Amino acid sequence: MYLAEKSRVAKGIRRYLGPVDPVARALTWATVAASLSKGVFFSVSVLFFTRVAGFTATTVGYGLTIAGAAAVGAALGAGYLARTFGARRVLLAVTVGQGLALASYLLVRTPSAFVIVACAAVGQQAMQRTALATMIAESFTGRDRVEVRARLRVVTNVSIAAGTALAAVALAIGTTPAYVLAMLTTSALLLVSAFPLSRVRGIAEPVDGPQRRARGRSPFLDRTYLVATCLYAVMTMQFGMLTVGVPLWVAGWTKAPTVTVPALLALNTVIVSLLQVRAARGANTLHSAGRAVAQAGTLLAVACGLYAAAAHGAVAAMVVALTLATIAHSFAEILAEAGGWTLAFELADPANAGAYQGVNQTGMAVGSMLAPLVVTTTAIEHGTAGWAALAALFLVTGLATLRLVRRQAGLRCMR
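Parameters at a glance
Residues numbered from 1 in each chain as written. Predicted model: local features only at pLDDT ≥ 70, side-chain atom pairs only at ≥ 80, totals over all residues. Heavy atoms only, no water. Axes fitted to C-alpha atoms, helices over the stretch in contact; angles between N-to-C directions. Helix = DSSP H or I, 4+ residues; strand = E, 2+ residues; numbered from the N terminus. Parallel < 35°, antiparallel > 145°, perpendicular 65-115°, else oblique. Left-handed = near helix turned anticlockwise from the far one by under 90°. Contact = heavy atoms within 4.5 Å. Nonpolar A, V, L, I, M, F, W, Y, C, P; charged D, E, K, R; others polar. Expected span 1.5 Å × (residues − 1). Bend = angle between axes of the 7 residues up to and from the residue. Buried < 20%, exposed > 50% of the residue type's maximum accessible area, 1.4 Å probe, protein only. Domains from an automatic or database assignment. Buried area = accessible area lost by both parts, 1.4 Å probe. Salt bridge = Lys/Arg side-chain N within 4 Å of Asp/Glu carboxyl O. Polar contact = N/O pair within 3.5 Å; in protein donor to acceptor, adjacent residues only side chain to side chain. 1 Å grid on protein atoms, 1.4 Å probe; cavity = no way out; pocket = protein on both sides within 12 Å on 5 of 7 lines; lining within 4 Å. Points joined across faces, edges and corners; volume = space filled by probe spheres on them.

A. Local environment of the packing of helix α5 (residues 111–139) against helix α14 (residues 353–382). It is the contact of α5 with α14, at a shortest axis distance of 9 Å, that shows an interaxial angle of 140 degrees. It follows that α5 is oblique to α14 by the angle criterion. Seen from above, α5 lies across α14 with right-handed handedness. Across the interface between the two elements, Arg129, Thr130, Ala133, Thr134, Ala137 and Glu138 from α5 touch Ala353, Gly354, Gln357, Gly358, Gln361 and Met364 from α14. A per-class count over the contact of α5 with α14 returns four nonpolar, six polar and two charged.

Dropping the structure here:
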């Protein structure tokens, strides 16, 4: 029995890390290295900027906000670059570029230099997301696209967690050389992630840019896609709610111990890693994707209510409420992402995949940029009333997405 279980685990690992398709395999290993880099960077970067580079927290905050704004335009531009030069080439170039930008953090000593490097690093990260989505859209079809995206997300979560564990060594040592080595590691891992991408062969890439640009409809003339992108941008604010809102809520409004925060984030990672692929398989058509996003909006509304309830009662009751909220939030996350991926692929013009995925990723960048502001000015400033506002926002967005999908499906049936 032990051997059978061990065999199942080994098969599961091979299925994720060694897919038969060469493009999927290259993207998988590139994602492993890049996500390890993210895990290390997320853990040590702010402390490096403040303790080693000597910047104030305000400077870091403003610099990263400006970089987030720059990433909005970068995500959009990457789609058009992918259409002209090919998604793989763009992904390879910006991966190397971001690796070099992360290494450049070690050299910055002035706030203006910090902002420039941050814009380069965050902007190229946004371009990576667009190029990756475009590469998946052009390399796979139908249900395979969403399942590949889901598997990569699982690999991303697990690898980020592993990277966080690696960073714990540097944090435990706490010296300047340890922080510098950790930052160099983030750069090196990103450069390593470019190697599998450089080895991929057999992907059709454009050789004539103007001819490539002449084909396909512009996403800016596609009202349905633009509305879907705006709704997706609102749903992506859930990530900021978990990573920014929940820690501030636990620390400022509840009596739960601060160790609850990493435990909740770990719970989210486990749920997403175990169930994301299954959720993607259940949301691989327009109808099922619309239902998934509507269900996600409902679950997010429930999570908001539970987060608000965590401000009242005994400590044990607070922890239970936070745990239940995180479970609801995590299920909402996997449903919203699965549905969002399907809509981003199925509503797009396949002849202009790069531009469409660029618009979609721009929506995500806008949502990520606005999330901290929206969450803090609602829930963190106004407590229960703010959580109610967020609950209404997510619920309406989910239902609006479902209505949009039903309308689009009806129009397709009439053609």
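B. Focus on helix α11 (residues 260–281). Over its 22 residues, α11 runs 32 Å from end to end, which matches the ideal 32 Å to within 8%, given 1.5 Å per residue. At Leu275, α11 shows its strongest bend, of approximately 50 degrees. Taken together, the buried positions of α11 are occupied by Thr260, Val261, Leu264, Asn268, Ile271, Val272, Ser273, Gln276, Val277, Ala279 and Ala280.

C. Examining the domain arrangement of the protein chain more closely. Along its sequence, the protein chain is carved into domain 1 (21–199) and domain 2 (219–414). A C-alpha centroid distance of 22 Å is found between domain 1 and domain 2. Between domain 1 and domain 2, the residue contacts involve 28 residues of the former and 32 residues of the latter. Carbon and sulfur atoms make up 66% of the area that domain 1 and domain 2 hide from each other, which totals about 2,600 Å². On the domain 1 side of the interface with domain 2, the three residues burying the most area are Val146, Arg149 and Arg153, jointly 24% of the side's total. For the interface between domain 1 and domain 2, the tally reads three salt bridges. Counting across the domain 1 and domain 2 interface gives six residue pairs in polar contact (both at pLDDT 80 or more). Mapped onto the side of domain 1 that touches domain 2, the elements with two or more residues apiece are α3 (57–85), α5 and α6 (142–173). At 12 residues, α6 tops the list of elements feeding residues into the side of domain 1 that touches domain 2.

D. The arrangement of empty space enclosed by the protein in detail. Counted according to the given criterion, the structure contains one cavity of 30 Å³ or more. Considered as a void within the structure, the largest cavity measures approximately 110 Å³ in volume. As for the largest cavity, its lining consists of 14 residues, and the residues nearest its centre are Ala228, Tyr232, Gly340, Leu343 and Asn360. Taken together, the elements giving at least two residues each to the lining of the largest cavity come down to α9 (223–235) and α13 (315–346). Of all the elements, α9 adds the most residues to the lining of the largest cavity, at six residues. Looking at the lining of the largest cavity residue by residue, the class counts come to 10 nonpolar, four polar and no charged.

E. Fine view of the pattern of salt bridges. Tallied over the entire structure, the rule returns four salt bridges. The partner of Glu147 in a salt bridge is Arg151, with the nearest N and O atoms 2.9 Å apart. Taken as a pair, Glu147 and Arg151 lie in helix α6 at a separation of four residues, close to a single helical turn. On the basis of relative accessible area, Arg151 is assigned to the buried category, the value being 15%. Among the salt bridges present, the one from Glu147 reaches Arg281, with a minimum N-O distance of 3.1 Å. Of the two residues, Glu147 is situated in helix α6 and Arg281 in helix α11; the sequence distance between them amounts to 134 residues.

F. The arrangement of the packing of α9 against α13 in detail. Taken N-terminus to C-terminus, the directions of α9 and α13 make an angle of 160 degrees; their axes are 11 Å apart at the nearest point. Comparing the axis directions of α9 and α13 gives the class roughly antiparallel. Like other packed secondary-structure pairs, α9 and α13 cross with a definite hand, here left-handed. For the pair formed by α9 and α13, the contact residues are Tyr225, Tyr232 and Met235 on the first element and Ala336, Glu337, Gly340, Leu343 and Ala344 on the second. Of the residues belonging to the contact of α9 with α13, the class tally is six nonpolar, one polar and one charged.

G. Representation of the environment of Ser139 in the model. Here Ser139 lies in helix α5. What makes Ser139 partly exposed here is its relative accessible area of 27%. For the pair Ser139 and Val23, spaced 116 residues apart in the sequence, the C-alpha separation amounts to 7.5 Å. Polar contacts involving the side chain of Ser139 include one to the main-chain carbonyl oxygen of Met135, which spans 2.7 Å.

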